[in-house]
Amino acid sequence: MFESGNGTVAPMDYDSKIYVGSSVNQLFLNLLNPYHHFSWSKVTVNVEWPVFDSFGIEENDYRGSGLTREQYDNITYYDENIFTLSWGLPFKEFLDSKDSIIYPMFIDLVNEAKAYIRYSIFKDQFKWRKLVSLYIAHHLELFMEIIKDVHNDRSMNVRVTDEQEHRKITIGQEVMKNFDTTVYGRLFWQEYKPLAKYVIWGVIE
Amino acid sequence: MIPIQDFIANPDNDKYMTYNKVFHRYSISLEYFAKALGDDEIITKLGGNDNAEWMLNHTSEVTYAVIDSYTDSKYRDKMRYYFSHSKRLREWLLKTMIDVLIYDESDGGLYTAYATGINFNEMKAFDMILTNYVGRMAQQIMINGGLAERVMRYDLDRLSNEFYTLNEALVYMDVKGYININDYYDVYTINSDGTNFDYNEIRVLFNADRFVATQNPITFVDDEVKYYILHNLLGDRIYFQFEEGYYFELLNNDKVSGNPIQDTQFKLYFTKEDKVKLLPNSKKYSLVPNGNGGYVLHEFGFWQQCLNEKGVNW
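In this text the structure is predicted, and so the values were computed from the model without any measurement.

A. Quick look at the interface of chain A and chain B. With 24 residues of chain A at the interface, the matching set in chain B holds 24 residues. Summing the contributions of chain A and of chain B, the shared interface buries around 1,900 Å²; its carbon and sulfur component is 47%. On the chain A side of the contact with chain B, A:Lys98, A:Asp99 and A:Ile101 bury the most area, a combined 31% of that side's loss. Taken together, chain A and chain B are joined by 2 salt bridges. Salt-bridge contacts for A:Asp149 lead to B:Lys74; the nearest nitrogen and oxygen are separated by 3.9 Å. Mapped onto the side of chain A that touches chain B, the elements with two or more residues apiece are α5 (103-116) and α7 (125-148) of chain A. Per-element tally for the side of chain A that touches chain B: the top contributor is α5(A), with 6 residues. Of the residues belonging to the side of chain A that touches chain B, the class tally is 9 nonpolar, 7 polar and 8 charged.

Quick look at the structure:
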């Protein structure tokens, strides 16, 4: 009845006409009475309601954002200046030089964050920037703690303490892990978690 | 690499400090010693220049030993290089050693710390800690100045540059000898005076939309370096616009007009018709996207250069 390519049986706005005469019943009617005007006239039924909006075409809907690719790249521009204007401020002095020890890690995290945190989920530049900043800050904080290696776990020298070094925070009986191990991570996951599962299931592009 | 504005290419002696090239340590110079302590008679009190120099050298050794206690041993060589070749850290080393000398001259001080601190009569021992050797204030100066940081702030082995376009990155890599730019673009070199230039051949490439970039920047005759903005294909010419109204044109009579160009030649880059070679993997560099349509080139191997130029292991 409708095009099957869109994966739904609901009429879409570009495909809301039904051509009468295409059903099995109509074939029988034609056999019984080939001279009835139904058998030679093309009758269409135009569905006015309910009709669903069609999905955007790729050129104007890059990654489901509703924008062209150029607009999308423009709005999702992100560098160390944007990072250090907000949640990345504590890392500003470490990112003022491209020779800084954490600069390559920052570049990798920008690429990763832009792939993981889709703009199309929020469609708001400031919200998106905030979450990208929190994501990067969380990983940079963990990274800096690891490279400082206060306990000498990655050293040929004597270990400073017998404790196993890992990022562990205990609140009550619960040991926090993953994004909960830094303030940035907690803030990030609090906002991203409700939507993350829909991204994984593919409901949100 | 250490940022260029902070870098000392060849550490050497000056009126404030002398540099020991064997142990790679600064120590306060004999000439500055009296002024640092505010005591004109200090060398006489110590018994002469030789004694004073010994003391200054020993103070330097102890100061560096305390600084080294803050960092892991795997950074030792690189930290030592960094202290020697950084203007900023050199100043903080000077401040720290001045304070250690003041501490030496006070009651207690460095040489008291070398005493065992054991009292056999009372069967007690006085525990000497590192602070006793340099003093609490010198320790704080080390922390204030960044001498006590546990990790190197800069990667001495790497130099990173960021480029807005892939073309800029590849041109840079070609200059450095990592790649041959002709494997990635069809490069046309045009003499700035308009000789050796075929307009029709170049126009065909422009019409086929194969133009990528022009040499960037171009220096115009008044020594102004300007960056390319855009180009226009007109009926009888190709017009190139640069910053602040500077321009040049390639004319259909095989001439170049517009603002005179200082460089004797400049290059135009066009996409290749045949398959472009993949960028080879290399231990010398890593080209990564910066997430904004540009690229970052990390170059490696500079630490080995530091070792080679010094001739001795750090």
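From this point on, the discussion continues.
B. Region of interest: the side chain of B:Thr96. By secondary structure assignment, the location of B:Thr96 is in helix α5 (residues 87-105). The exposure class assigned to B:Thr96 is buried, which follows from its relative accessible area of 0%.

C. Spotlight on the packing of aromatic side chains. Residue and element names in this part refer to chain B. Scanning the model with the defined rule gives 40 aromatic pairs over all chains in all. Seen from their ring centres, Phe211 and Phe240 are 6.1 Å apart, and the 65° between their planes marks the pair as edge-to-face. Of this pair, Phe211 sits in strand β7 (residues 211-214) while Phe240 sits in strand β11 (residues 237-242); the two residues are 29 residues apart in sequence, bridging distant segments of the chain. Across this residue pair, the class does not change: Phe211 and Phe240 are buried. Taken together, the ring pairs connect Tyr188, Phe206, Phe211, Phe220, Tyr228, Phe240, Phe242, Tyr246, Phe248, Phe266 and Phe270 into an aromatic cluster. Here the guanidinium or amino end of Lys95 rests over the ring plane of Trp92, the centre of that ring lying 3.9 Å away.

D. Representation of the pattern of salt bridges within the structure. Inspection of every chain in the model, using the stated rule, returns 22 salt bridges over all chains. With a closest N to O distance of 3.8 Å, B:Arg25 and B:Glu61 form a salt bridge. In this pair, B:Arg25 is assigned in strand β2 (residues 25-28) and B:Glu61 in helix α3 (residues 49-68), connecting sequence segments 36 residues apart. A relative accessible area of 42% means that B:Glu61 is categorised as partly exposed. Here B:Lys272 and B:Asp186 are joined by a salt bridge, their closest N and O atoms 3.3 Å apart. With B:Lys272 in the loop between β14 (265-271) and β15 (285-289) and B:Asp186 in strand β6 (residues 185-191), the pair connects residues that are 86 residues apart, well separated along the chain. For B:Asp186, a relative accessible area of 21% corresponds to the partly exposed category. Here the salt bridges share partners, and the residues they tie into one network are A:Asp149, A:Arg154, B:Asp72 and B:Lys74.

E. A look at the packing of α5(B) against helix α8 (residues 136-145) of chain B. All names here are of chain B. Between α5 and α8, the least distance of the axes is 9 Å, while the angle of their chain directions is 175°. Between α5 and α8, the angle is such that the two are roughly antiparallel. On α8, the residues touching Arg88, Leu89, Trp92, Lys95, Thr96, Asp99 and Val100 of α5 are Met137, Ala138, Ile141, Met142, Asn144 and Gly145. Per-class residue counts for the contact of α5 with α8 are 7 nonpolar, 3 polar and 3 charged.

F. Here's a closer look at a nonpolar patch on the surface. All names here are of chain A. Residues Val24, Phe28 and Leu31 make up a contiguous nonpolar surface patch of about 360 Å² in total accessible area. Mapped onto the elements, Phe28 comes out in helix α1 (residues 24-32). Note on Phe28: relative accessible area 52%, which makes it exposed.

Conventions and cut-offs
- Residues numbered from 1 in each chain as written.
- Chains lettered and ligands numbered in written order.
- Predicted model: local features only at pLDDT ≥ 70, side-chain atom pairs only at ≥ 80, totals over all residues.
- Heavy atoms only, no water.
- Contact = heavy atoms within 4.5 Å.
- Buried area = accessible area lost by both parts, 1.4 Å probe.
- Salt bridge = Lys/Arg side-chain N within 4 Å of Asp/Glu carboxyl O.
- Helix = DSSP H or I, 4+ residues; strand = E, 2+ residues; numbered from the N terminus.
- Nonpolar A, V, L, I, M, F, W, Y, C, P; charged D, E, K, R; others polar.
- Buried < 20%, exposed > 50% of the residue type's maximum accessible area, 1.4 Å probe, protein only.
- Phe/Tyr/Trp six-rings, centres within 6.5 Å; stacked < 30°, edge-to-face > 60°.
- Lys NZ or Arg CZ within 6 Å of the ring centre and 35° of its normal.
- Axes fitted to C-alpha atoms, helices over the stretch in contact; angles between N-to-C directions.
- Parallel < 35°, antiparallel > 145°, perpendicular 65-115°, else oblique.
- Patch = residues over 30% accessible without salt bridge, like charges linked within 9 Å, V, L, I, M, F, W, Y side chains within 5 Å.
- Areas by Shrake-Rupley, 256 points an atom, 1.4 Å probe, with all protein chains shown as cover.

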